[in-house]
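So you can see what is in the structure, the chains are spelled out below.
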Amino acid sequence: MRPLIWWLVLSGILIGSWVVRPVASQAATQTTQSQIEVKITPNEDDSAVKPVDPDDPSQPYPGDEADPGNVTGTGSRGFLTIDYLSNLAFNEITTTGGPVTTTAKNQKAMVQISDRRSTGSGWTLQVLPTAPANDRQTLAATIDLGSVEIKPATTNVSAPPQLINAGHLTVGSVNNVLKADQQAGLGTWLLLMNRGSQPTTLHLNESRFSAGKYTGTLTWSLTNAPS
């Protein structure tokens, strides 16, 4: 091929009637592949997750003056757990008749949840309130969570769970509160209560009260799928 090209160029010079350019060679591109490989094993640590400070999750839970002695958490072991529950204490009411509303005193009220499963199948947080009562009277009541905050304990997390109900929690019924869809709610999450412009409130719907201390319960449950 080389002699032919030079002959054509030479002929163009001698005769003056040929304009011939060398053919540019095309760059060759070669594509091939290599592989990457990673092995992920299921988490086997089912030890209890310690509660963290809702204002600085890098620190342990410091306690709450309105909930003395409740610092260490539930101690629940497993891969889907409720790690911490606040006891809600409400401000004292000075009245003999209602309806009346009182607000929570807690400064660090929260529920802490951990999902360490490898399935990412989601979960639902529910609560069953009972009416405040003493040995003389059971009060007709409702609870409003008010302004809440959903906060991760770390920065390396999935999509957050979603708040389902911040309004009235019906006493005597199971109320859905948080829902994590598939691939959401992984890791450790905090549901912070009694924050923002709307505090957590207790509504007492009785027309007459007897003086005394009334107590009720909030039974929280964590189901292993969105509901």
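Read on for an overview of the structure.

What counts as what
Residues numbered from 1 in each chain as written. Predicted model: local features only at pLDDT ≥ 70, side-chain atom pairs only at ≥ 80, totals over all residues. Heavy atoms only, no water. Helix = DSSP H or I, 4+ residues; strand = E, 2+ residues; numbered from the N terminus. Contact = heavy atoms within 4.5 Å. Salt bridge = Lys/Arg side-chain N within 4 Å of Asp/Glu carboxyl O. Buried < 20%, exposed > 50% of the residue type's maximum accessible area, 1.4 Å probe, protein only. Core = buried A, V, L, I, M, F, W, Y, C linked by side-chain atoms within 4.5 Å. Pairing = 2+ DSSP bridges. Axes fitted to C-alpha atoms, helices over the stretch in contact; angles between N-to-C directions. 1 Å grid on protein atoms, 1.4 Å probe; cavity = no way out; pocket = protein on both sides within 12 Å on 5 of 7 lines; lining within 4 Å. Points joined across faces, edges and corners; volume = space filled by probe spheres on them. Phe/Tyr/Trp six-rings, centres within 6.5 Å; stacked < 30°, edge-to-face > 60°.

### Comments concerning the overall build of the protein chain
Piece 1. What the protein chain contains, in helices and strands, is 1 helix and 14 strands.
Piece 2. Excluding contacts between residues fewer than 6 apart, the proportion of contacts in the protein chain whose partners are at least 24 apart in sequence is 78%.

### Re the pattern of salt bridges
Piece 1. One pass over the structure, following the stated rule, counts 8 salt bridges.
Piece 2. Arginine 116 is the partner of aspartate 45 in a salt bridge, and the nearest nitrogen-oxygen pair spans 3.8 Å. One end of the pair, aspartate 45, is in the loop between helix 1 (2-15) and strand 1 (52-53); the other, arginine 116, is in the loop between strand 5 (110-115) and strand 6 (123-129), with 71 residues separating them in the sequence.
Piece 3. When its relative accessible area of 39% is taken as the criterion, aspartate 45 is described as partly exposed.

### Looking at the nonpolar core
One recurring pattern in soluble globular proteins is that nonpolar side chains are buried together.
Piece 1. One finds Val111, Leu125, Met193 and Trp220 to be the most contacted residues of the largest nonpolar core, which totals 25 residues.
Piece 2. Each residue touching leucine 125, except ones within four places of it in the same chain, is listed here: Ile82, Val111, Ile113, Asn175, Asn176, Val177, Leu178, Leu191, Trp220, Ser221 and Leu222.
Piece 3. Listed in part, the 7 residues of the second largest apolar core include Met110, Ala153, Leu190 and Leu192.

### Focus: the sheet that holds strand 12 (residues 187-192)
Piece 1. Here we have 4 strands laid out as an open sheet, ordered 3-5-12-8, and antiparallel in their pairing. Bordering the open sheet on either side are strand 3 (80-85) and strand 8 (149-152), each of which pairs with just one other strand. When strand polarity is set aside, the average angle formed by the axes of neighbouring strands in this sheet is 20 degrees.
Piece 2. Two elements, strand 5 and strand 12, share 6 bridges in a ladder whose sense is antiparallel. Pairing of glutamine 112 across the sheet is with leucine 190, part of strand 12.

### So, the layout of surface pockets
Piece 1. In this structure, the largest pocket encloses a volume near 920 Å³.
Piece 2. Along its surface, the largest pocket is lined by 32 residues, and Phe90, Pro132, Leu202, Tyr214 and Thr215 are the ones closest to its centre.
Piece 3. Counting residues per element, the ones that place at least two in the lining of the largest pocket are strand 7 (141-144), strand 13 (201-204) and strand 14 (218-223).

### Details of the packing of aromatic side chains
Piece 1. Evaluation of the coordinates by the stated rule reveals 1 aromatic pair.
Piece 2. Where tyrosine 61 meets tyrosine 84, the ring centres are 4.5 Å apart and the plane angle is 40 degrees; that geometry is what we call tilted. One end of the pair, tyrosine 61, is in the loop between strand 2 (56-60) and strand 3; the other, tyrosine 84, is in strand 3, with 23 residues separating them in the sequence. Across this residue pair, the class does not change: tyrosine 61 and tyrosine 84 are buried.

### Side note on the sheet that holds strand 6
Piece 1. An order of 9-11-6-14 is seen for the 4 strands of this open sheet, with the pairing classed as antiparallel. The strands lining the two open edges of the sheet, one partner per strand, are strand 9 (162-163) and strand 14.
Piece 2. Pairing geometry for strand 9 and strand 11 (residues 175-180), over 2 bridges, is antiparallel. Bridge assignment links glutamine 162 to a residue of strand 11, and that residue is lysine 179.

### With respect to the environment of glutamine 112
Piece 1. Mapped onto the elements, glutamine 112 comes out in strand 5.
Piece 2. Since its relative accessible area comes to 0%, glutamine 112 is described here as buried.

### Considering unusual backbone geometry
Piece 1. The step from glycine 98 to proline 99 runs through a cis peptide bond, and the omega angle for that step is 5 degrees.
Piece 2. Mapped onto the secondary structure, proline 99 falls in the loop between strand 3 and strand 4 (100-103).
Piece 3. The phi dihedral of glutamine 183 falls on the positive side, at around 65 degrees, and the residue is not glycine.
Piece 4. Along the chain, glutamine 183 falls in the loop between strand 11 and strand 12.
Piece 5. Phi at asparagine 194 takes a positive value of approximately 60 degrees, unusual for a residue other than glycine.

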